[in-house]
Protein chains: 2
Amino acid sequence: MSLVLDAAAQDLLFREARTANTFTDEPVSEEQVQAIYDLVKYAPTAMNAQPLRITFVRSPEARERLVGHMAEGNKAKTASAPLVAIVGYDTDWHEELPKVFPHAPGAKENFDNAAEVRHGMGSFNASLQIGYLIIAIRAAGLAAGPMAGYDAEGVNKDFFGDGAHKVLAVINIGRPGPDAWFPRSPRLEYDEVVTTV
Amino acid sequence: MSLVLDAAAQDLLFREARTANTFTDEPVSEEQVQAIYDLVKYAPTAMNAQPLRITFVRSPEARERLVGHMAEGNKAKTASAPLVAIVGYDTDWHEELPKVFPHAPGAKENFDNAAEVRHGMGSFNASLQIGYLIIAIRAAGLAAGPMAGYDAEGVNKDFFGDGAHKVLAVINIGRPGPDAWFPRSPRLEYDEVVTTV
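Quick notes on the rules
- Residues numbered from 1 in each chain as written.
- Chains lettered and ligands numbered in written order.
- Predicted model: local features only at pLDDT ≥ 70, side-chain atom pairs only at ≥ 80, totals over all residues.
- Heavy atoms only, no water.
- Helix = DSSP H or I, 4+ residues; strand = E, 2+ residues; numbered from the N terminus.
- Rg over C-alpha atoms; globule rule 2.2 N^0.38 Å.
- Buried < 20%, exposed > 50% of the residue type's maximum accessible area, 1.4 Å probe, protein only.
- Contact = heavy atoms within 4.5 Å.
- Areas by Shrake-Rupley, 256 points an atom, 1.4 Å probe, with all protein chains shown as cover.
- Polar contact = N/O pair within 3.5 Å; in protein donor to acceptor, adjacent residues only side chain to side chain.
- Pairing = 2+ DSSP bridges.
- Axes fitted to C-alpha atoms, helices over the stretch in contact; angles between N-to-C directions.
- UniProt positions renumbered as here; feature names shortened; annotations may be inferred.
- Phe/Tyr/Trp six-rings, centres within 6.5 Å; stacked < 30°, edge-to-face > 60°.
- Lys NZ or Arg CZ within 6 Å of the ring centre and 35° of its normal.
- Salt bridge = Lys/Arg side-chain N within 4 Å of Asp/Glu carboxyl O.

You'll find chain A entered in an unreviewed UniProt entry as 3-hydroxypropanoate dehydrogenase, with Actinocorallia herbida given as the organism.

K.L.:
Just checking my understanding: could you explain the overall build of chain A for this structure?
P.N.:
Across its full length, chain A carries 8 helices and 5 strands. Computed over the C-alpha atoms, the radius of gyration of chain A is 18 Å, within 12% of the 16 Å expected from 2.2 N^0.38 for a compact globule of 197 residues. In terms of its C-alpha atoms, chain A occupies a principal-axis envelope of roughly 55 × 50 × 35 Å. Counting over 197 residues, chain A shows a buried share of 55%. Pairs at least 24 apart in sequence give 80% of the contacts found in chain A among residues at least 6 apart. A total accessible area of about 8200 Å² is found for chain A, and carbon and sulfur atoms account for 53% of it.

K.L.:
Hey, could you run me through helix H7 (residues 152–160) of chain B in this one?
P.N.:
Every α-helix winds through 3.6 residues per turn, so residues three or four apart in the chain are directed the same way. Residues and elements named next belong to chain B. Regarding H7, the residues found buried are Gly154, Val155, Asn156, Phe159 and Phe160. As for H7, its buried residues are in contact with strand E1 (52–57), helix H3 (60–69), strand E2 (83–90) and strand E4 (165–174). By the N-cap criterion, in which a side-chain oxygen at the helix start approaches the backbone nitrogen of a residue two or three places on, H7 is capped by Asp151, the distance to Glu153 being 3.2 Å. Immediately downstream of H7, the backbone of Gly161 shows phi near 55 degrees, a positive value.

K.L.:
Looking at this structure, I do not really get the sheet that holds E1 of chain B. What am I missing?
P.N.:
Sheet strands associate in pairs through backbone hydrogen bonding, adopting either a parallel or an antiparallel arrangement. Pairing within the open sheet is mixed, and its 5 strands lie in the order E5(A)-E1(B)-E2(B)-E4(B)-E3(B). Strand pairing shows two members of the sheet lacking a second neighbour, strand E5 (194–196) of chain A together with strand E3 (143–147) of chain B, which therefore form its edges. The average undirected angle you get between the axes of adjacent strands in this sheet is 25 degrees. Note: E1 of chain B against E2 of chain B, 6 bridges, orientation antiparallel. Residue pairing for E2 of chain B: Arg53 of chain B is matched across the bridge by Gly88 of chain B. On the sheet, H3 of chain B packs against E1, E2 and E4 of chain B and is oriented at approximately 70 degrees with respect to E2 of chain B. Its contacts with the sheet place H7 of chain B against E1, E2 and E4 of chain B, and it is angled at close to 90 degrees to E4 of chain B.

K.L.:
Just checking my understanding: could you explain the UniProt feature "domain: Nitroreductase" (unreviewed entry) in chain A for this structure?
P.N.:
With numbering aligned to this structure, UniProt lists the feature "domain: Nitroreductase" (unreviewed entry) at residues 17–175 of chain A. The span residues 17–175 of chain A is 43% helical and 18% strand by assignment, and the distance between its end C-alpha atoms comes to 11 Å.

K.L.:
Please clarify how the sheet that holds strand E5 (residues 194–196) of chain B should be interpreted in this entry.
P.N.:
Read across the sheet, 5 strands follow the order E3(A)-E4(A)-E2(A)-E1(A)-E5(B) without closing on themselves; strand pairing throughout is mixed. Two strands close off the open sheet at either side, each with one partner strand: strand E3 (143–147) of chain A together with E5 of chain B. Shown here is a sheet whose adjacent strand axes are inclined to one another by a mean of 25 degrees, direction ignored. Here strand E1 (residues 52–57) of chain A pairs with E5 of chain B via 3 bridges, running parallel. Its bridge partner being in E5 of chain B, Thr55 of chain A is matched across the sheet by Thr195 of chain B. Relative to strand E2 (residues 83–90) of chain A, helix H3 (residues 60–69) of chain A is tilted by about 70 degrees, and along the sheet it contacts E1, E2 and strand E4 (165–174) of chain A. Packing of helix H7 (residues 152–160) of chain A onto the sheet brings it into contact with E1, E2 and E4 of chain A, and relative to E4 of chain A it is tilted by some 90 degrees.

K.L.:
How should I be thinking about the packing of aromatic side chains in this particular structure?
P.N.:
By convention here, two paired aromatic rings are described through the distance between centres and the angle between planes. Inspection of every chain in the model, using the stated rule, returns 4 aromatic pairs over all chains. When the ring of Tyr37 of chain A is compared with that of Tyr190 of chain B, the centres are 6.0 Å apart and the planes differ by 70 degrees; the resulting orientation is edge-to-face. Of this pair, Tyr37 of chain A sits in helix H2 (residues 30–40) while Tyr190 of chain B sits in helix H8 (residues 190–193), on two different chains. Each of the two residues, Tyr37 of chain A as well as Tyr190 of chain B, counts as buried. Positioned above the aromatic ring of Phe159 of chain A is the side chain of Arg65 of chain A, whose terminal nitrogen or guanidinium carbon lies 4.7 Å from the ring centre.

K.L.:
Help me understand the pairing of E1 of chain B in this model?
P.N.:
The side chains of a regular strand alternate between the sheet's two faces. Burial of E1 of chain B is extensive: 6 of the 6 residues sit out of reach of the surface. Here E1 of chain B shows no split at all, with Leu52, Ile54 and Phe56 of chain B on one side and Arg53, Thr55 and Val57 of chain B on the other all buried.

K.L.:
Even after reading the chapter, I still don't get the side chain of Asn74 of chain B, so can you show me in this structure?
P.N.:
Mapped onto the fold, Asn74 of chain B is located in helix H4 (residues 72–80). In this view, Asn74 of chain B contacts Met147 and Gly149 of chain B; residues no more than four positions away in its chain are not counted.

K.L.:
Would you mind going over the pattern of salt bridges with me for this structure?
P.N.:
Two side chains bearing opposite charge may form a pair once their charged atoms approach each other closely. Counted under the stated rule, the structure contains 26 salt bridges over all chains. Between Arg58 of chain A and Glu30 of chain A there is a salt bridge; the shortest N-O distance is 3.8 Å. Of the two residues, Arg58 of chain A sits in the loop between E1 and H3 while Glu30 of chain A sits in helix H2, which places them 28 residues apart along the sequence. Take Glu30 of chain A: its relative accessible area is 29%, and that puts it in the partly exposed class. When the shortest N-O distance is used, the salt bridge between Asp158 of chain B and Arg65 of chain B registers 2.4 Å. Separated by 93 residues along the polypeptide, Asp158 of chain B in helix H7 and Arg65 of chain B in helix H3 bring together distant segments of the chain. On the accessibility criterion, Asp158 of chain B (28% relative accessible area) is partly exposed. Three or more residues are tied together by salt bridges with common partners; here these are Glu61, Arg65 and Asp158 of chain A.

Set out below in structure tokens:
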């Protein structure tokens with residue numbers, strides 16, 4: 001056995017988990033999302049900076065605004081998912097370094113005048129964290145439906161004003177409903193992805 | 001219980017897993033990395049494009065070249081890890097769409113003359129996949145040490161020539177050695193990361 005993780009957990013997180021396109025009405029509770037975050041927070045980021053920021057859209061009014069920014073093919077599922085998360089990064093993540101990277105005093109100051117570096121590191125590390133988040137949502141027995149089809153400028157302006165947060169994805173969360181899944185599309189084989197030198 | 005995943009698996013993948021700074025001599029086998037990839041490949045990407053590409057550096061000659069591109073503080077662990085992976089994305093990932101997204105004929109052609117979009121989608125989705133990969137390495141009972149401190153242009157030129165692959169991170173992989181861990185740095189709390197609207 002090459003893996004230590006048991007087969008049921010492998011199935012739950014990877015093999016049997018699918019991107020759901022329909023959901024049941026069962027709500028996703030505050031306790032569930034807190035438990036999910038309590039896993040995600042431990043997974044690694046550069047300088048422990050944790051630039052991921054999450055906006056859970058729970059009110060009907062906010063949901064309606066978000067649906068308005070989604071691409072046509074994503075509107076129905078964004079409207080019907082029990083919970084929708086706008087996930088992105090804080091471009092001012094360096095402000096947290098004195099707290100999250102305390103053994104390197106002065107680290108924050110290196111980024112004060114480096115907005116482009118902050119964007120690059122923030123979006124990359126928050127993207128890793130979105131990967132962790134998708135796995136952690138599955139750890140709660142829920143399906144995650146990440147979507148890239150939306151008006152990013154509209155979402156940023158509408159939900160973050162002229163603030164420092166930038167959207168990277170919108171994720172539908174809930175229990176899969178009827179006909180939730182398309183047939184699984186082909187995966188690239190090991191030899192198509194991996195080179196050994 | 002808000003999570004379905006059992007507590008031991010939560011510990012293995014998130015709570016007890018740490019970014020190792022030293023490793024034992026125990027090799028990481030080809031079987032292990034194939035089993036790791038067999039999990040990663042199932043996790044979701046936009047249009048199922050799977051842009052992640054992995055180069056495992058196994059030969060002493062290639063390892064020496066890679067160490068030469070690493071930042072000073074990363075050279076020793078990159079030299080001593082049982083296995084090192086250069087992870088990045090294929091900027092020509094759209095070439096695979098006829099195979100991996102077969103129900104949308106013509107999808108590839110939409111990206112033929114959209115190099116900038118391909119870079120954006122490729123780097124974002126491969127970053128999600130690096131998140132999945134770090135969790136899957138932990139599923140094999142191994143520690144992953146992702147590093148961002150290296151000369152990206154040098155790695156690209158040296159390992160990918162003028163090809164289409166671009167590095168996003170370098171990851172040390174192996175069993176943790178003596179004094180593998182710094183003390184855990186503080187995590188941001190739920191209320192510092194999450195907003196509900």
